[in-house]
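Here's the letter readout for the chains.
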Amino acid sequence: MRTTRSVPARPALIAALTLATAGSLLLAPGAAGADPLPVTREGSAVDDRAARGPASAARRALTADSSASSASSTGTTTRGYPRRQTLSPDAHNPGDKSLKLGLIPYHAIAPKLNALQRLGERVSVEVTGRSAGGHRLYLVTVTAPESARQARAQERMRGLIENAPAAAAKSSEIKRKYKTPVFVNGNIHGNEWEGTDASLKVIEQLATATDAKTRDLLAHSRLYFNITANPDGRIAGTRANANGFDLNRDFVTASQPETRAMRQIEIGKQPAVLLDLHGYVNGTLIEPTTPPHGENYEYDLFLKNSYANALGMESAVNALGYTPAKDGVEAAQIPFRDQEEGWDDWPPIFTPQYAAFHGTVAAHTVEIPLAVNNEEYDELPVPELRRRSAVNTAVAGAAIHATLDHVREHRGTLISDQIEVFRRGAAGAAQVPVSPRTVPGVPGIGPEDVYTTTFPRAYVIPPAGARTQRSAPAAARLVDHLLANGVRVTRATRSFRLDGRTHPGGSYVVDMHQPKRGMANALLADGRDISGKVSVMYDISGWSLGSLWGATVERVPSGSLRGAPLRVIGEAAPVAHVPAHGDLRLRLTDPREIAALNSLLRQGVPVRRATDGSVIVPASARREARTAARAHDVPFTATRQTGTAPLRRLRVAAAVTPGELFALREMGFEVTPVSTAVLNAGFDWRRSGADVLFVSAGLDRAALTAPARRALDAFLAGHGLVGRGATGAALNAAAGRLAVKPVEGNADANGVVRVTNSGAVTRDAPDRGFVYAPLWFTDPGPGVRVEQSYATGNPLVSGHWRQLGDGTGGPAAASGQASVVSGDRTVLFGTEPLFRDHPKGEFAQVARALFTVAHSASVKESG
């Protein structure tokens, strides 16, 4: 754990800390009232907000087709620049939250972009997709005009840099003519507005400037501005989009259309430099970050360039002349230099860290200083809010201009280091640990900053049924996700041997000698237990798709792929299959299989449960099964089983987090969001048609009015309950259902854990789970069944899970304890099987729990 830096904190920051401790000066009228140190997690460790996202937003996110915009986003078009289009205006919206701050409302952005395009031949506008709420996403490119031939040359050089980096490093054409790509991402958090306004101001300045520096910059750079990454949140004044998702936590999963649009920009434009404009940390926070640093990055190149650019941004921001006494603005801070821990770049869920895997060598979150959101938005007078927004816009603008100056002055280094990132990957070269020798000019590098990994020779994802009982849809989904993230995947045309082991034909192979090996490893590796490295983490610490997405992923440490019968693929082979004769069996181990089941139930197909946890579809519904198989890419098999009890269509009332609500809808459940507020407003349980209640957030029985409490109790008297976490366990106790004692672990703990599955709800589930504020159950009473337990020993595979100061709450305390229990029409989860729509291999546990408690309740009622 970091305890000190060889370079002490600047006097300005020490003074700021002293003032913050005293309290009075920073809380004077007009001051920001923010303590610049230390920086820790945004919000509570436990997400206890009940989701309210409309079903239409989920449908839009789940069905969004990015192919329409992929050509423009990836740069594969042969058109030159400018690429003008006239944007149709949006309807005036007086409720846009930007208006109160004196900032541009969303409906004024399209007319503004039309006007900017008319200023000359430097500005182009493209629509890269639509948000979950249906709003257009705008990408503005600023560069010197290019003919179609020049544009094709730029794309050829871009491809050479990634695909033939050794040759690119020697290319005189790239050195002379390649335009450095720069990506400025604004407003990814909807209620952190000013990055959008600063970008528009900078674009306007660049469009008309005639000075030599601007001409030189645009002749040798392409500047890409994602004007508002989150228009839903900008309009509503919320951090999240219309589905309730924090988009800056979604890059590994890419569940939301806005995230997929940003992903496509990063892959297609291949920026060497990225700014992600946020708020609000006073003084302005400019990455690079504190430890731990992502172990899959080429961190020596990343730190070298990011720190150099951060110094320029710091100087530009401080040169604006804002002071604590006059403006409430502290001096800028660089976490790597000025903090010990608490603001890390470990998980690739954040925009800058994700971009590093696509060749970005200088990437920054920039947190502008003065808060204008949340309670400040509601409580401060409008003149003060607008003063703060003007300061923030100026600060964001200074950061952008400083970055553009850095790009103009250091173009050669940025591009050569980007090439080196890809060269190391393609060659299978070792990483270079950071040190004062390898990263000269960056002060304070110590052993606490060294994070590297050993890349395997390959990963093999075998087809379903080969050495595994995992589902075919899981393997196909994982492969398609790897490809969508720019990872190269091949498929074996016949069986082959690698590292002394035979792998079956049809296996997918990820050769780790590839330019984006860091991305491949970040997605597929188990990860690392970093509990002993730092005391606190900013967000999640474990995320492995190889562990959590339901496919078998085999790590091959060494060996040669020369001569292996491998074919490069652009998509996974479809797995949809329906036998020509007989009744049909559908496994329920994957969210796609659950979605297929729910589509059949919606059509009234008579489906029956089987004793092995699958379902049986009669031969008479073969046409419906074929449609479902194609729509969800799932296989049915022939069976002679007749099944047991019939299944019926479920309606779920859910007081859950946004990620859980989205995952339920992804699996095809009909969901009605509820919460304490909804129930107190007079929720009609009978009219809702709900069959089961799922509770994990936002429902507190003690906070209900007497009528609402009676209505809830009446519903639970005849219906099933699925609970997750402390909130679900509390409702279980209040309703007198399962006799168990819930034990809460460290609320800051999160990561991938080993589990042992022992019940019908968790049948065929992976032996890995995900936890965030883990919970377990002790002292089971009569009728309580243990469905799953934490593994004995240390159950943590990767992540951060420490015991509390009193010795409780750690992984040792959870060892061998029940993580999922059931009984009496109730299932309780201590894990996070639907967390942020991410751990796909865990989803089926929740689906089985819902069907189990709903149908057991109906049987009990009819009996």
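The coordinates are above.
Before going into details, it helps to say that this report is about the structure given with it.

The rules behind the values
Every residue gets a number counted from 1 within its own chain, in the order that chain's sequence is written. Note on the predicted model: pLDDT of at least 70 is required for a residue's local features to be given, and 80 or more for side-chain atom pairs to be given and counted; whole-chain, interface and lining totals, by contrast, use all residues. To obtain the side-chain values, all non-hydrogen atoms of the structure were used and water was disregarded. To qualify as a nonpolar core, a set must consist of buried Ala, Val, Leu, Ile, Met, Phe, Trp, Tyr and Cys residues joined through side-chain atoms within 4.5 Å. Think of it in three bands: with a 1.4 Å probe and only protein chains considered, a residue is buried below 20% of the maximum accessible area for its type, exposed above 50%, and partly exposed in between. Numbered from the N terminus, helices here are DSSP runs of H or I no shorter than four residues, and strands are runs of E no shorter than two. Any two residues whose heavy atoms approach within 4.5 Å at even a single point are treated as in contact. In this description, one arc is meant: the one made by directions from the helix axis to the C-beta atoms. Between Lys or Arg on one side and Asp or Glu on the other, a salt bridge is scored when a side-chain nitrogen of the former is within 4 Å of a carboxyl oxygen of the latter.

Focus on the nonpolar core
Most often, soluble globular proteins keep nonpolar side chains buried together rather than apart.
Phase 1: By size, the foremost hydrophobic cluster in this structure holds 146 residues, and its most contacted members are Leu113 and Phe225.
Phase 2: Among the elements that make up this core, the one with the highest residue count is helix H17 (residues 382-409) (10 residues).
Phase 3: Apart from the residues within four sequence positions on either side, Phe225 is in contact with Tyr138, Leu139, Val140, Val142, Val184, Ser199, Val202, Ile203, Leu206 and Ile400.
Phase 4: Of all hydrophobic cores here, the second largest spans 47 residues; its members include Ile594, Leu600, Phe636 and Val827.

Some remarks on unusual backbone geometry
The bulk of non-glycine residues show a negative phi, and the bulk of peptide bonds are trans.
Phase 1: Each neighbour pair has its own omega, and for Gly279 with Tyr280 the value is 5°, a cis peptide bond.
Phase 2: Within the element layout of this structure, Tyr280 appears in the loop between strand E5 (273-279) and strand E6 (285-286).
Phase 3: Cis geometry marks the peptide bond from Asn282 to Gly283, where omega comes out at 5°.
Phase 4: Within the secondary structure layout, Gly283 lies in the loop between E5 and E6.

Concerning the environment of Ala717
Phase 1: By the secondary structure assignment, Ala717 is in helix H27 (residues 706-718).
Phase 2: The exposure class of Ala717 is exposed, given its relative accessible area of 56%.

What about helix H23 (residues 622-632)?
Phase 1: Along H23, the residues that are buried comprise Arg622, Glu624, Ala625, Ala628 and Ala629. Viewed end-on, H23 has its buried residues packed into an arc of 155°, placing them on one side of the element. Along H23, the residues that are exposed and aim more than 90 degrees away from the buried face are Arg623, Arg630 and Ala631.
Phase 2: Contacts from the buried residues of H23 go to strand E17 (583-586) and helix H22 (591-602).

Details of the pattern of salt bridges
Phase 1: In total, this model carries 46 salt bridges according to the counting rule given.
Phase 2: Between Asp612 and Arg585 there is a salt bridge whose closest N-O contact spans 3.1 Å. Of the two residues, Asp612 is situated in the loop between strand E18 (608-609) and strand E19 (615-617) and Arg585 in strand E17; the sequence distance between them amounts to 27 residues.
Phase 3: Under the relative-accessibility criterion, Arg585 is labelled partly exposed at 23%.
Phase 4: Sharing partners across several salt bridges, the network here consists of Glu146, Glu155, Arg158, Glu162, Lys179, Arg222 and Lys516.

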